[in-house]
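# Observations on the model geometry
Take a look at the letters that make up each chain.
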Amino acid sequence: LQREAYESLRTDVLSIGLAVGSDANAAVIDTYVGDDMLVVPMSWYSGWPFASVDAGVALEQYTNYCLEAMNAIDFVEAQGGATVAIVTNAGLFGEDAAAGARAAIGGYGLTLAYDGGGTLELGGDLGPAIAGVVDSDADWTFLATSPAVTPQIVAGAAQAGYGGSFIGAAPSYDARILDAASAELLAGRFFQSAYAVAWGDPSPGNEAMMNAMIAAFPDRRPSDAFIVGWNAGITMRSVLSEAIRGADLSRPNLVAIANTLETVSFDGSAPDQRYVGQPDEFVTRATAIYRPDLDVYLSAGGADQALSDPGATTGSVLVRDFTVGRFTETRGFTAPCVPIGAQAGG
């Protein structure tokens, strides 16, 4: 589907501001390269910073699944966790995250109690993963799943007697989970990794986004994803503005400019981005940790909230500000954690 979508527009656009999915973008990356098509992937695969993977056409945002997972395990270790279970999707997202989690578990001397990394197929049976978590009796479970699957695993494991806590990669969570019957359980047991701040958090960049969204879509409900899309626009605007100043809006020039950006500032809503040098030098390593607070969410109106409501919130409460874990900081980043095509079924 990604290839079909790309074929339908490849001759009509200068660049692509958002292209969703790790496996989907990986399937088309050679065509992007051949077309000199600059793309902001809505994918945090650890291969995008490497020219050997994308020839510089993928303008990655934030950190990647692999380093994010290392930071998540750093948080687990800081909370006193000694044993960890892993459950992640099949494909680049889940396997990249699982690779980072495994590396950090080993680096911190923790015990990998259950390895369900890369095992969840779209629409597949969750029973084996839930049983693996329960049988592991791990202190913590790391998830890299979809928001539809996350509450099923948390609730299924808890109902079967699992007493540990959960921490999920950023794509594993959406505030609409708090509308489900399992919301109270999730709020008490789940922590959320994040690449950017949540709706309502005070920072100049977030406030600019919120003001714009309130003006354009006052009746929509809040989402922590809005700042992610907004910042992708800031990154692409940085490239286009420079191309316009130089009066060269060719595709090769956009790619060249993208790979000379010294700083893209998000005004406090996320760590600044850099694209110059070797990946080990410029890759973003910091992530934040939030937790869903059901009381905060319901007190503000829950699912009935609108962006224009005073105090509108997704219920995401900051637990740890943007931090680079000790293992993440010292770990060399010289190659993708999972090469394209090396993942199971890839």
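My aim in this report is to walk through the structure given alongside it, one point at a time.

This brings us to the overall build of the protein chain. Of regular secondary structure, the protein chain possesses 14 helices and 9 strands. Taken over the C-alpha trace, the protein chain has a radius of gyration of 20 Å; the compact-globule value for 346 residues is 20 Å, and the two agree within 12%. With the principal axes as the frame, the protein chain shows a C-alpha extent of 65 × 45 × 40 Å. Looking at the protein chain as a whole, 55% of its 346 residues qualify as buried. Excluding contacts between residues fewer than 6 apart, the proportion of contacts in the protein chain whose partners are at least 24 apart in sequence is 71%. Of the roughly 13,900 Å² that the protein chain leaves accessible, carbon and sulfur atoms contribute 52%. Charge separation in the protein chain, taken as the distance between the mean sites of 16 positive and 40 negative side-chain charges, equals 3 Å.

Locating Asp293 in the fold gives a position in the loop between β8 (287-292) and α13 (294-299). Since its relative accessible area comes to 14%, Asp293 is described here as buried. Among the polar contacts listed, one links the side chain of Asp293 to the backbone nitrogen of Asp295, at a separation of 3.1 Å. The residues touching Asp293, leaving out its near neighbours within four places in the chain, are Gly315 and Val317.

Looking now at the nonpolar core. Formed by 79 residues in total, the largest nonpolar core has its most connected members in Tyr32, Leu38, Tyr62, Ile73, Phe142, Ile167 and Val239. Not counting residues up to four positions away in its chain, the partners in contact with Tyr62 are Trp44, Tyr195, Ala196, Ile227, Val228, Asn231, Phe266, Ala270, Gln273 and Thr284.

Below, the discussion takes up the packing of helix α10 (residues 226-245) against helix α11 (residues 251-258). To characterise two packed helices, one gives the angle between the axes of the helices and the distance between these axes. Where α10 meets α11, the closest approach of the two axes is 9 Å, and the angle between their N-to-C directions is 120°. Taken as axis vectors, α10 and α11 run oblique relative to one another. Helix-helix and strand crossings are classified by hand; for α10 and α11 the assignment is right-handed. On α11, the residues that touch Val239, Leu240, Glu242 and Ala243 of α10 are Asn253, Leu254, Ile257 and Ala258.

Moving on, we come to the state of the cysteines. A complete count under the given rule lists 1 disulfide for this structure. Through a disulfide, Cys66 is tied to Cys337; the S-S separation comes to 2.1 Å. Measuring handedness by torsion sign, the sulfur bridge of Cys66 and Cys337 sits at about -85° and is left-handed. Of this pair, Cys66 sits in helix α4 (residues 65-78) while Cys337 sits in the segment after α14 (326-330), and the two are 271 residues apart along the sequence. Exposure remark for Cys337: the relative accessible area of 27% places this residue in the partly exposed category.

Let us now look at the environment of Phe191. Positionally, Phe191 belongs in strand β7 (residues 190-194). In sequence terms Phe191 and Val28 are 163 residues apart; their C-alpha atoms lie 33 Å from each other. Discounting residues that sit within four places of it in the chain, Phe191 has contacts with Phe75, Trp140, Phe166, Ile167, Gly168, Ile289, Tyr290, Arg291 and Val319.

On to the environment of Ser299, then. Tracing the backbone through its elements, the reader meets Ser299 in helix α13. Sequence spacing of Ser299 and Gly315 is 16 residues, and the spatial spacing of their C-alpha atoms is 9.3 Å. In this structure the side chain of Ser299 is engaged in a polar contact, spanning 2.7 Å, whose partner is the backbone oxygen of Asp295.

Let us now look at unusual backbone geometry. The phi angle at Ala247 is positive, at roughly 55°, despite the residue not being glycine. Phi angles above zero are rare outside glycine, and Asp267 is one such case at about 50°. You can see Asp267 is positioned in the loop between α11 and α12 (279-282). Look at Asp267 and you get partly exposed, because its relative accessible area is 44%.

Look at helix α2 (residues 22-35): 19 Å from first C-alpha to last across 14 residues, which is about the 20 Å you get at 1.5 Å a residue. Val28 marks where α2 bends most, by close to 50°. Buried within α2 are the following residues: Ser22, Asn25, Ala26, Val28, Ile29, Thr31, Tyr32 and Asp35. Asp36 occupies a position one or two residues after α2 and carries a positive phi of about 55°.

Cut-offs applied
- Residues numbered from 1 in each chain as written.
- Predicted model: local features only at pLDDT ≥ 70, side-chain atom pairs only at ≥ 80, totals over all residues.
- Heavy atoms only, no water.
- Helix = DSSP H or I, 4+ residues; strand = E, 2+ residues; numbered from the N terminus.
- Rg over C-alpha atoms; globule rule 2.2 N^0.38 Å.
- Buried < 20%, exposed > 50% of the residue type's maximum accessible area, 1.4 Å probe, protein only.
- Contact = heavy atoms within 4.5 Å.
- Areas by Shrake-Rupley, 256 points an atom, 1.4 Å probe, with all protein chains shown as cover.
- Lys, Arg positive; Asp, Glu negative; His and termini not counted.
- Charge placed at Lys NZ, Arg CZ, Asp CG, Glu CD.
- Polar contact = N/O pair within 3.5 Å; in protein donor to acceptor, adjacent residues only side chain to side chain.
- Core = buried A, V, L, I, M, F, W, Y, C linked by side-chain atoms within 4.5 Å.
- Axes fitted to C-alpha atoms, helices over the stretch in contact; angles between N-to-C directions.
- Parallel < 35°, antiparallel > 145°, perpendicular 65-115°, else oblique.
- Left-handed = near helix turned anticlockwise from the far one by under 90°.
- Disulfide = S-S within 2.5 Å.
- Expected span 1.5 Å × (residues − 1).
- Bend = angle between axes of the 7 residues up to and from the residue.

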